[in-house]
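Observations on the three-dimensional arrangement
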Amino acid sequence: MPGGGMPGGGMPGGGPKGPPPDMPEMPAPNAVGLLRPEMDFAAPLEGDLFILRDEGMIAMGKDLDHAVILPYNRGAVDLGDDGLTALAMLSSGGLVVEFHTNDGVAVTHTYSLESDGTQLRIRTHIAGGRIPIPGGLDMERVYNRVQTTIPP
């Protein structure tokens, strides 16, 4: 059929006039609502991201007072009582942080420095569980790097 094989053309949902009366309106998938609040320290949807790196661990968060510490390549860390775990790894492409939830959602953040080290790009892949998109959902965020000193 013309228009993608749907009667009347277009995607399910009815096109410019909206969905048929018996079909609920579906919002476009996005990260809000798919990422649990406990994951926000690794790639905040709003605000700053602080990262401190050491030989065997990384501390990350919206601020240093509430940073989460993850060891590199030493197994998953439990982040709560409901089955959320995080795993930090160093790979040839940079830092990778993986989250796994008890309902089968996997969130992978891949961090890379760009623009001569002045920007941090975080590529996020969300898959499994309730994700309504086959193959998962991908997104990117870019943070501008600012050097700071740590108070004593």
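Now for a look at the structure at hand. (Residues numbered from 1 in each chain as written. Predicted model: local features only at pLDDT ≥ 70, side-chain atom pairs only at ≥ 80, totals over all residues. Heavy atoms only, no water.)

Focus on the overall build of the protein
Helix and strand counts for the protein stand at 0 helices and 9 strands. The order of helices and strands in the protein, counted from the N terminus, is β-β-β-β-β-β-β-β-β. The buried share among the 152 residues of the protein stands at 31%. Put simply, 28% of the contacts in the protein that link residues at least 6 apart link residues at least 24 apart. (Helix = DSSP H or I, 4+ residues; strand = E, 2+ residues; numbered from the N terminus. Buried < 20%, exposed > 50% of the residue type's maximum accessible area, 1.4 Å probe, protein only. Contact = heavy atoms within 4.5 Å.)

Focus: the packing of aromatic side chains
Using the criterion set out here, one finds 1 aromatic pair in the structure. With 5.7 Å between their ring centres and 75° between their planes, Phe41 and Phe99 make a pair best called edge-to-face. Of this pair, Phe41 sits in the segment before β1 (50-53) while Phe99 sits in strand β6 (residues 94-100), and the two are 58 residues apart along the sequence. Comparing Phe41 with Phe99 shows no difference in burial state: the two are buried. (Phe/Tyr/Trp six-rings, centres within 6.5 Å; stacked < 30°, edge-to-face > 60°.)

What about the sheet that holds strand β4 (residues 77-78)?
The antiparallel open sheet is built from 6 strands, whose spatial order is β4-β5-β6-β7-β8-β9. The open sheet has two edge strands with one neighbour each: β4 and β9 (137-144). Relative to strand β5 (residues 85-91), β4 runs antiparallel, the two sharing 2 bridges. Bridge pairing links Val77 to Ala86 in β5. (Pairing = 2+ DSSP bridges.)

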